[in-house]
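# What the coordinates show
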Amino acid sequence: MNIILLGSPGVGKGTYAERISEKLEIPHISTGDLLRDIIKKGTKEGQNIKKIIDKGDLIPDELMMGIVKKKIQEDDCKNGFLLEGVPRTLPQAESLKKMIKVDKVLNYVADEKIILGRLGGRLTCKKCGDTYHVKNKPPKKEGICDECEGELYTRKDQTEEAIKERLKVYHEKTEPLIEYYEKEGILAEIDANRNFAQIDLMIGESLDVIEGEE
Ligand code: AMP
């Protein structure tokens, strides 16, 4: 079963993806994470990718899909996988269609106000990379990581300016994918307006949608 999670930045896709992949026992592939892993290697390619991400722009389609193709050919992806963060453009969707059969697309939808609240106020630990949110998941001690006592900071791609750019890019380039997958007859819309405490309900809803199709 190959599943795609769609939705605006800030809708909580990453959290849903982790839980769904756990329950269905299929790997969760996040393109944001794949790109951040490349950046960590410190190569020239990584530096270029970081510049694009920090601005809130998208990595060129061909480069992105090359990375995705390599990943989904790995052994643990044989029985299916959950893609989060890709496709983000129509050419990426077309490219993916040539690589795999997409079984289901879950589109998470939330009010813009909720999305802005979740995107602003995100904090990351400089040392271990753990993530927090000033309102939804505050650290026990302000500015300090609960896990390793590292310093918390706002990632460059999570500043107000980058957030605005990411939302603009989402509306222009990614939103058309909703209609694309609707036409393919594999899209299900999930209400993500609720808070993270109700996340299991949402996961249940997502799984019902996936299983309902079988
Ligand atoms: P995410 O963690 O999914 O929000 O991704 C972080 C950043 O990585 C995005 O703002 C983009 O700059 C880049 N990125 C992730 N996935 C893609 C993709 N499918 N195509 C192009 N750029 C991407």
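Everything in this summary refers to the structure shown in the same document. Here, residues in each chain are numbered from 1, in the same order as that chain's written sequence. A pLDDT threshold of at least 70 governs which residues receive local features in this predicted model, and a stricter bar of 80 or more applies before side-chain atom pairs are shown or counted, although totals over entire chains, interfaces and linings include all residues. Working from all heavy atoms in the structure, the side-chain values ignore hydrogens and water.

## Focus on the overall build of the protein chain
Put simply, the rule is: Put simply, DSSP H or I for four residues or longer makes a helix, DSSP E for two residues or longer makes a strand, and each gets a number counted from the N terminus. By the convention used here, residues are in contact when the closest approach between their heavy atoms is within 4.5 Å. Accessibility throughout is a Shrake-Rupley quantity obtained with a 1.4 Å probe, and a residue counts as covered only by protein chains that appear here. In this count, Lys and Arg are taken as positive residues and Asp and Glu as negative ones, while His and the chain termini are left out. In this description, the location of a charge corresponds to atom NZ of lysine, CZ of arginine, CG of aspartate or CD of glutamate.
Helix and strand counts for the protein chain come out as nine helices and eight strands. On the principal axes, the C-alpha backbone points of the protein chain span a range of 45 × 40 × 35 Å. Counted over contacts in the protein chain with a minimum sequence separation of 6, partners at least 24 positions apart contribute 71%. Looking at the protein chain as shown, the accessible area adds up to about 12,000 Å², and 49% of this sits on carbon and sulfur atoms. Positive and negative side-chain charges in the protein chain, numbering 36 and 41 respectively, have mean positions lying 5 Å apart.

## Some details on the site of the ligand
As a reminder of what qualifies: When at least one non-hydrogen atom of a residue lies within 4 Å of a molecule or strand, that residue is treated as near it. Here a polar contact is recorded for every N or O atom pair within 3.5 Å, except that within protein the pair must consist of a potential hydrogen donor and a potential acceptor, and residues adjacent in sequence are included only if both atoms are side-chain atoms. Charged means Asp, Glu, Lys or Arg here, nonpolar means Ala, Val, Leu, Ile, Met, Phe, Trp, Tyr, Cys or Pro, and polar covers whatever is left, Gly included.
Neighbouring residues of the ligand: 14 residues in total, closest T31, D57, G85, R88 and Q92. In the environment of the ligand, an oxygen atom lies 2.5 Å from a nitrogen or oxygen atom belonging to the backbone of D57. Within the backbone of G85, one N or O atom sits 2.9 Å away from a nitrogen atom of the ligand. Starting from 480 Å² of accessible surface for the ligand in isolation, the protein chains cover 94%. Sort the elements by how many residues they give to the shell around the ligand and helix α2 (residues 31-40) lands first, with four residues. Of the residues belonging to the shell around the ligand, the class tally is six nonpolar, four polar and four charged.

## Let's talk about the packing of helix α7 (residues 160-174) against helix α8 (residues 176-184)
Selection rule: Note on geometry: axes are C-alpha line fits, over the in-contact stretch for helices, and angles between N-to-C directions span 0 to 180 degrees.
Packing of α7 against α8 leaves a shortest axis separation of 5 Å and a crossing angle of 35°. The residues of α8 that touch α7, namely those facing Y170, H171, E172, K173 and T174, are P176, L177 and I178.

## Things to note about the sheet that holds strand β7 (residues 152-153)
Selection criterion: Paired strands, as defined in this entry, are two strands with at least two bridges between them according to DSSP.
Here we have three strands laid out as an open sheet, ordered β6-β5-β7, and antiparallel in their pairing. Every other strand in the sheet has two partners, leaving β6 (131-133) and β7 as the edge strands with one partner each.

## Observations concerning the nonpolar core
Generally speaking, a soluble globular protein has its nonpolar side chains buried in company with each other. Worth spelling out the cut-off: The criterion is simple. A nonpolar core is a set of buried Ala, Val, Leu, Ile, Met, Phe, Trp, Tyr and Cys residues joined through side-chain atoms within 4.5 Å. Working definition: with a 1.4 Å probe on protein chains only, accessible area under 20% of the residue-type maximum means buried, over 50% means exposed, and in between means partly exposed.
Formed by 30 residues in total, the largest nonpolar core has its most connected members in I4, L6, L83, L96, V105 and Y181. Of all the secondary-structure elements, those providing two or more residues to this core are β1 (2-7), α2, α3 (44-55), α4 (61-72), β3 (81-84), α5 (90-99) and α8. Tallying contributions element by element places α4 first for this core, with five residues. Among the nonpolar cores identified, the runner-up in size contains 22 residues, and I3, I163, A188 and I190 belong to it.

## Re the pairing of strand β5 (residues 122-125)
Two faces, one strand: in a regular strand the side chains alternate between the faces of the sheet. Across three bridges, the pairing between β5 and β6 is antiparallel. Among the inter-strand pairings, T124 is bridged to a residue of β6, identified as T131. Adjacent in sequence and paired antiparallel, β5 and β6 are bridged by five residues, among which G129 carries a positive phi angle near 85°. As paired strands, β5 and β7 are joined by two bridges and run antiparallel to one another. Bridging across to β7, T124 finds its partner in Y153.

## A short note on the packing of aromatic side chains
For any two aromatic rings, the description comes down to two numbers: the centre-to-centre distance and the angle of the planes. As a reminder of what qualifies: Classification of ring pairs uses Phe, Tyr and Trp, with its six-membered ring standing for Trp, and accepts pairs whose centres are within 6.5 Å; under 30 degrees between planes counts as stacked, over 60 as edge-to-face, and the remaining range as tilted. In this scheme, the term charge over a ring applies when either NZ of a lysine or CZ of an arginine sits within 6 Å of the ring centre and within 35 degrees of the ring normal.
The full count for this structure, using the stated rule, is two aromatic pairs. Between the NZ or CZ atom of K126 and the centre of the ring of Y153, over which it lies, the distance is 6.0 Å. A cation over a ring is seen here: K137 above Y132, with NZ or CZ 5.1 Å from the ring centre.

## Observations regarding helix α1 (residues 13-24)
Quick note on the threshold: The span one expects for a helix is its residue count, reduced by one, times 1.5 Å. Here, the arc refers to the directions that run from the helix axis to the C-beta atoms.
Look at α1: 16 Å from first C-alpha to last across twelve residues, which is about the 16 Å you get at 1.5 Å a residue. Along α1, the residues that are buried comprise K13, Y16, A17, I20 and S21. Along the axis of α1, the buried residues cluster in a sector spanning 125°; they form a single face. Looking at α1, the residues exposed on the side facing more than 90 degrees away from the buried face are E18 and E22. Backbone geometry just after α1 places E25 at a positive phi near 55°.

## Things to note about the side chain of T31
Among the structural elements, T31 can be located in helix α2. You can call T31 buried: its relative accessible area is 2%. Among the polar contacts listed, one links the side chain of T31 to the backbone oxygen of G85, at a separation of 3.1 Å. Once residues within four sequence positions are removed from consideration, T31 is found in contact with M64, V68, E84, G85, V86 and R88.

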